[in-house]
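# Descriptive analysis of the structure
In case you want the letters, here they are:
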Amino acid sequence: MLAKRIIPCLDVKDGKTVKGVHFVNFKDAGDPVAMGAEYSRQGADELVFLDITASYEGRKTFVDLVRRVAENISIPFTVGGGINELADVEKLLTAGADKVSVNSAALRRPEFIEEIAKHFGSQVIVAAIDAELNGNGEWICYLNGGHIPTDKELFAWAREVESRGAGEVLFTSMSHDGVKHGYPNDALAKLADTLHIPVIASGGAGTKEDFKDAFLLGKADAALAASVFHFKEITIPELKQYLAAEGIPVRL
Amino acid sequence: MKIVIIKYNAGNIFSVRYAVKRVGFEAEITDDPAVIRAADRVIFPGVGEAGTTMQYLRERGMDELIRSLTQPVLGICIGMQLMCRHSEESDTDCLGIFDTPVELFVPPEPNPMHYKVPHMGWNTLEYSNIPLFQDLGPNPYVYFVHSYHPTICAHTVAVTDHIVPFSSALQKDNFYALQFHPEKSGEVGARILHRFITMRHD
């Protein structure tokens, strides 16, 4: 049976894991490769590395990092942040990334998804969607890390990215992200029932129960989290043991 | 030990080379027929679409080359599918090393969204006791990404279930093939790759 996936996400700036992310008694806390390898050893199913660097030099550093991750880590990984054109995708995939996550660039120019699918296949495209529930009960998609609202509605946009060739949808609710009160399970379940492709829940995990709910209530195929893992509030082995005991298929 | 990875118009070739390196060996990426013929081990990896990759191989005579190899050959993902008889993807006639068709996953009614396609993520192997699979433990998890699958046949040496049971590994004589990605399957994948390289071949 296909296992539900647990995916730690690492923010990277100028080739280093950003401040605020640390393992107790872990000497290479600033090195994304060492941290990724540690998560892999603990049983993470995939990794996500998000480049939050703004500068050109920093971007080159990120490509070097992607190559080091590919050389050293034997589980799949997705990279994202600042991917705007096919050349960006090609650079990252050639360096060894398994998938790329695209967000704002796809909202601005939806054909971008088709271009990536045509050149590299749907399996490399993770369509990341940031959305927020408005006063009318509609989920509205946002650009630029949640700063600029668009005229796209979550479920319509998710269907569109699927039909244009995305391989997975990664959904972040802006009002749940960072609050640690759980994932947006109603919206996740509706996405799962709408789409043929896998859905990754992102943002909101505070407890082990939150992951269980994302899988059982939200019907998510995978759950992504950052700070609960980075601050060791939850470790991956204990989370997976818990989920297995709850009857959720996980890779132990 | 000379290991080659066949270079053609498919993605994900470098990941395989890195994985070979992690288990202690070097692999050369090449499309030179003489180098491929002379190698001790040949890996035929890739992520791609059946029609265009098969056409690429045919135009360069690489279809005949691969069929004629006598050393251990390991097909991975699209490499495996191309080693089968025919693929539903673009209605493509393939190499025919394994006499079995490759079919699209079709999620069943009334709940088609319950089964996602592509089959993406970690799933288990129910495998036969062959030299390639040693010390893997019962029902090990390996990483899959695919929308088409080889059906079960006389050459099936591992079965995985997603919508239907399918061949997650095939073997016939010196030809081995895996639908999953050993290069992305953690410790289990590393063991299989190491075993492929070091197992005895007469």
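Residues numbered from 1 in each chain as written. Chains lettered and ligands numbered in written order. Predicted model: local features only at pLDDT ≥ 70, side-chain atom pairs only at ≥ 80, totals over all residues. Heavy atoms only, no water.

## Thoughts on the confidence of the model for chain B
Caution applies to low-pLDDT parts of the model: their predicted coordinates are not meant to be read in detail. We count it as follows: Known as pLDDT, the predictor's per-residue confidence is scaled from 0 to 100.
Summing up the model confidence of chain B, the mean pLDDT is 95 and the portion of residues at 70 or higher is 100%. In the predicted assembly, ipTM is 0.92 and pTM is 0.94.

## Comments concerning unusual backbone geometry
To keep it simple, the criterion reads: Secondary structure elements follow DSSP: runs of H or I of four or more residues count as helices, runs of E of two or more count as strands, with numbering from the N terminus. Each residue is assigned to one of three classes by its accessible area relative to the maximum for its type, calculated with a 1.4 Å probe on protein chains only: buried under 20%, partly exposed between the two thresholds, exposed over 50%.
The amide bond that connects Glu-109 of chain B to the next residue, Pro-110 of chain B, takes the cis arrangement and shows omega of 0°. Note on placement: Pro-110 of chain B falls in the loop between β7 (98-104) and β8 (119-124). Across the junction of Val-117 of chain B and Pro-118 of chain B, the peptide omega takes the value 10°, indicating a cis bond. Take Pro-118 of chain B: it is sitting in the loop between β7 and β8. Unusually for a residue other than glycine, Asp-14 of chain A sits at a positive phi of about 50°. Along the polypeptide, Asp-14 of chain A turns up in the loop between β1 (5-13) and β2 (16-17). Judged by relative accessible area, Asp-14 of chain A falls into the partly exposed class, the value being 42%. With a phi close to 60°, Asp-135 of chain B is a non-glycine residue in the positive phi region. Looking at Asp-135 of chain B, the relative accessible area reads 63%, which means it is exposed.

## A closer look at the packing of aromatic side chains
In this description, an aromatic ring pair is defined by two values, namely the gap between the centres and the angle between the planes. What counts is decided by this rule: For Phe, Tyr and Trp, where Trp contributes only its six-membered ring, two rings pair if their centres lie within 6.5 Å, and the inter-plane angle classes them as stacked under 30 degrees, edge-to-face over 60, or tilted in between. Think of it as a cone above the ring: NZ of Lys or CZ of Arg counts as a charge over the ring if it is within 6 Å of the ring centre and within 35 degrees of the ring normal.
Under the definition given, this model contains 12 aromatic pairs over all chains. Note on Phe-144 of chain B and Phe-166 of chain B: the rings are 5.9 Å apart at their centroids and 80° apart in plane angle, and the pair reads as edge-to-face. A residue pair is termed long-range when its members are at least 10 positions apart, and Phe-144 of chain B in strand β10 (residues 141-146) and Phe-166 of chain B in strand β13 (residues 164-172) qualify at 22 residues. On the basis of relative accessible area, Phe-144 of chain B is assigned to the buried category, the value being 0%. Aromatic rings pair up to connect Tyr-39, Tyr-183, Phe-211 and Phe-229 of chain A into one cluster. For Arg-41 of chain B, the ring lying beneath its charged end belongs to Phe-196 of chain B, and the centroid distance is 6.0 Å.

## Points about the sheet that holds strand β5 (residues 84-87) of chain B
Threshold: Strands qualify as paired when DSSP identifies two bridges or more between them.
As summarised here, the arrangement of the 4 strands in space is β6-β5-β7-β11 (chain B), forming an open sheet in which the pairing is mixed. Each end of this open sheet is capped by a strand with a single partner; those strands are β6 (92-93) and β11 (148-150) of chain B.

## Some words on the sheet that holds strand β9 (residues 126-127) of chain B
Residue and element names in this part refer to chain B. So the rule is basically this: Working rule for contacts: check all heavy atoms of both residues, and any pair within 4.5 Å makes them a contact. Geometry is summarised by axes, namely lines fitted to C-alpha atoms with helices restricted to the contacting stretch, and by angles between N-to-C directions that run from 0 to 180 degrees.
With mixed pairing, 8 strands are arranged side by side in an open sheet as β2-β1-β3-β4-β14-β13-β12-β9. Since the sheet does not close on itself, it has two edges, and those belong to β2 (27-30) and β9, each with one partner. By the bridge criterion, 3 bridges tie strand β3 (residues 41-44) to strand β4 (residues 73-76) in an arrangement that is parallel. Within β4, the residue paired with Val-42 across the bridge is Val-73. Against the sheet, helix α6 (residues 186-198) engages β1 (3-6), β3, β4 and β14 (175-178), with an angle of about 140° to β3.

## Details of the interface of chain B and chain A
What counts, and what does not: When two parts are brought into contact, each loses some accessible area as probed by a 1.4 Å sphere; the total of that loss over both is the buried area. The rule for a salt bridge is simple: a side-chain nitrogen of Lys or Arg has to be within 4 Å of a carboxyl oxygen of Asp or Glu. Here a polar contact is taken to be a pair of N or O atoms separated by no more than 3.5 Å, where protein atoms must pair a possible hydrogen donor with a possible acceptor and residues adjacent in sequence count only if both atoms sit in side chains.
At the junction of the two partners, chain B supplies 24 residues and chain A supplies 34 residues. The largest per-residue losses of area from chain B upon contact with chain A belong to Lys-116, Met-120 and Trp-122 of chain B, which jointly make up 29% of the total buried on that side. Remark: the boundary between chain B and chain A carries 1 salt bridge. Residues Lys-184 of chain B and Asp-98 of chain A are paired through a salt bridge, measuring 2.9 Å at the closest nitrogen-oxygen approach. At the surface where chain B touches chain A, the tally comes to 14 residue pairs in polar contact (both at pLDDT 80 or more).

## Examining the pairing of strand β10 (residues 199-202) of chain A
All names here are of chain A. Here is the rule we go by: Convention used here: a crossover is right-handed provided that the path from the first strand, over the helix, to the second strand proceeds clockwise when the strands point away from the viewer.
Covered by surrounding structure in β10 are Val-199 and Ala-201 together with Ile-200 and Ser-202, the residues of both alternating faces. Looking at chain direction, strand β9 (residues 168-173) and β10 are connected through 4 bridges and run parallel. Across the sheet, Phe-171 pairs through a bridge with Ala-201, a residue of β10. The handedness of the β9 to β10 crossover, carried by helix α7 (residues 185-194), is right-handed. Where β10 and strand β11 (residues 222-225) come together, 3 bridges link them in parallel fashion. Residue pairing across strands places Ala-201 opposite Ala-223, the latter belonging to β11. Read from β10 through helix α8 (residues 208-216) to β11, the crossover connection turns out right-handed.

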